[in-house]
Amino acid sequence: PDLLARILSEKLSATWGQTIVVDNKPGAGGNTGADFVAKAPGDGYTIVVGTVGTHSINGALYSKMPYDMVKDFTPITLLATTPNMLVINNDVAAKNLKDFIVLGKKEGKMTFASSGSGTSIHVSGELFKTMTGIDMVHIPYKGRATAIPDLLGGRVTMMFDNMPSSLQLVREGKLRALGVTSAQRSPAAPDIPTIAEQGLQGFEAVSWFALFAPANTPKPIIDKWQTEVRKILKSPEVSKRLADAGLEAVGSTPDELAAYQKAEITKWVKVVKDSGAKAD
């Protein structure tokens, strides 16, 4: 979210001649930042880079939400999608996903880190736990910045991290990638197989990032944001910059984002229910 926000702020500031401030508000699986925007005036000056967690997963995972994921926001555009990547500490005695599943069933009590309860990173782990039957304990952190060091240090076994976050660590040999969570291999790392193709058919968990404004934001304001952001995402420079990081630029219409969000809510409610996961 921070990467996308900074790219957009840079380009929009130049286009509009007005400074756009990126204000990171982490906490509660992204709920803190989303709630801040949900309660802001619908004047176009405060918007949020929402995620699959803040706008489709958390409603099922948290017993009490500070905002309504649909009613409190106006969709602007789907920015980008990225697969999560199953990464493990190099000391784990598994070179591929099949070996890892065998090891997990034999040893049990594995730990999987996440950047917070309710994130796609969290529920990817819950889906994996359900589909493999491995006894895994979820260890939520307050963001990737605190989770990655523990993964590198071997204090946790594995993590389903967003590809842009861990791909460089994999390329440097500091972490081992066992698979990606998308239906097809990622163009950013075509050598890493999908989890589905390695035996867990139907496994798919894609992270997505989208712009939302507070509810009741006037349509002309929404259209202005959507038009300008779509131009930025479709530019060769930005598209390549995102692709190199493992992100696929989208740039949808507000209606397309609304439909996509609805489908994602339906999907993740079932996953959360089947896994029995809770954030509180």
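The structure under discussion appears in the preceding block.
What follows deals with the overall build of the chain. When helices and strands are counted, the chain shows 10 helices and eight strands. Computed over its C-alpha atoms, the radius of gyration of the chain comes to 19 Å, within 12% of the 19 Å expected for a compact globule of 280 residues. Burial statistics for the chain: of 280 residues in total, 52% are counted as buried. In the structure as shown, the chain presents an accessible area of about 12,800 Å², 54% of it carried by carbon and sulfur atoms.

Now for the pairing of strand S1 (residues 48–51). Neither face of S1 is open: one carries Val48 and Gly50, the other Val49 and Thr51, and all of them are buried. As defined by bridge partners, S1 adjoins strand S7 (residues 206–214) across four bridges and the pair is classed as antiparallel. When the bridges of S7 are listed, Gly50 appears paired with Ala210.

This part takes up unusual backbone geometry. Phi angles above zero are rare outside glycine, and Asn216 is one such case at about 70°. Looking at where Asn216 falls in the secondary structure, it is placed in the loop between S7 and helix H8 (219–234). On the basis of relative accessibility, which here comes to 73%, the residue Asn216 falls in the exposed class.

Taking 1.5 Å per residue, 22 residues should reach 32 Å; helix H10 (residues 254–275) reaches 31 Å between its end C-alpha atoms and fits that length. Looking at H10, one finds that the buried residues are Leu257, Gln261, Glu264, Ile265, Trp268, Val271 and Val272. Take H10 and look down its axis: the buried residues cluster within an arc of 145°, on one side only. Opposite the buried face of H10, by more than 90 degrees, sit the exposed residues Asp255, Lys262, Thr266, Lys270 and Lys273. Here the buried face of H10 lies against helix H3 (52–61), strand S2 (73–88), helix H5 (120–132) and S7.

This part is about the side chain of Thr119. Position of Thr119 relative to the elements: it lies in the loop between strand S3 (110–114) and H5. Within polar-contact distance, the side chain of Thr119 engages the backbone oxygen of Gly116 at 2.8 Å. Filtering out sequence-adjacent residues up to four positions away, Thr119 remains in contact with Gly29, Ile57, Asn58 and Ser114.

Looking now at the nonpolar core. Core analysis: the biggest nonpolar cluster contains 63 residues, and Met85, Phe100, Phe128 and Met158 have the highest contact counts within it. If one sorts the elements of this core by residue count, S2 sits on top with six residues. In this structure, Met158 is in contact with Leu86, Val87, Ile88, Phe100, Thr111, Phe112, Ala113, Phe128, Met136 and Leu151, ignoring residues within four places of it in sequence. Of all hydrophobic cores here, the second largest spans 20 residues; its members include Leu4, Ala5, Leu12 and Leu242.

Take the side chain of His138 next. Within the secondary structure, His138 is located in strand S4 (residues 136–140). His138 gets classed as buried once you look at its relative accessible area, which sits at 17%. A distance of 2.7 Å separates a polar atom in the side chain of His138 from a polar atom in the side chain of Ser114. Among the polar contacts listed, one links the side chain of His138 to the side chain of His122, at a separation of 3.3 Å.

Per the counting criterion, the structure on display carries 13 salt bridges. Residue Arg241 pairs with Glu10 through a salt bridge whose shortest N-O separation is 3.7 Å. Linking Arg241 in helix H9 (residues 236–244) with Glu10 in helix H1 (residues 2–16), this pair joins segments that are 231 residues apart in sequence. The class for Arg241 is partly exposed, based on a relative accessible area of 36%. Judged by its relative accessible area of 41%, Glu10 is partly exposed.

The next thing to look at is H3. It helps to recall that an α-helix has 3.6 residues per turn; residues three or four apart then point in one direction. H3 sits mainly inside the fold: eight of its 10 residues count as buried. Buried residues of H3: Val52, Gly53, Thr54, His55, Ser56, Ile57, Asn58 and Leu61, and no others. Buried residues belonging to H3 abut helix H2 (31–38), S1, S2, H5, S7 and H10.

Calculation notes
Position numbers for residues count from 1 along each chain, tracking the sequence in the order it is written. Local features in a predicted model are, by the rule used here, given only for residues with pLDDT of at least 70; side-chain atom pairs are given and counted only at 80 or more, and totals for whole chains, interfaces and linings are based on all residues. Where side-chain values are given, they derive from all heavy atoms of the structure, hydrogens and water being excluded. Here a helix means four or more residues in a row that DSSP labels H or I, a strand means two or more in a row labelled E, and each is numbered from the N terminus. For a compact globule the rule gives 2.2 Å times the number of residues to the power 0.38, and the radius of gyration it is set against comes from C-alpha atoms. Exposure classes here rest on a 1.4 Å probe applied to the protein chains alone. A residue is buried below 20% of its type maximum, exposed above 50%, and partly exposed in between. Each accessible area is a Shrake-Rupley estimate made with a 1.4 Å probe; only the visible protein chains count as cover when residues are assessed. At least two DSSP bridges between two strands are needed for those strands to be called paired. Expected span of a helix: the number of residues minus one, times 1.5 Å. Comment: arc refers to directions from the helix axis out to C-beta atoms. Throughout, a contact is declared for two residues whenever any of their heavy atoms are within 4.5 Å. Between N or O atoms, a polar contact is any pair within 3.5 Å; within protein, one atom must be a potential hydrogen donor and the other a potential acceptor, and residues adjacent in sequence are included only when both atoms are from side chains. Residues grouped as a nonpolar core are buried Ala, Val, Leu, Ile, Met, Phe, Trp, Tyr and Cys residues, joined through side-chain atoms within 4.5 Å. For this document, the term salt bridge refers to a Lys or Arg side-chain nitrogen within 4 Å of an Asp or Glu carboxyl oxygen.

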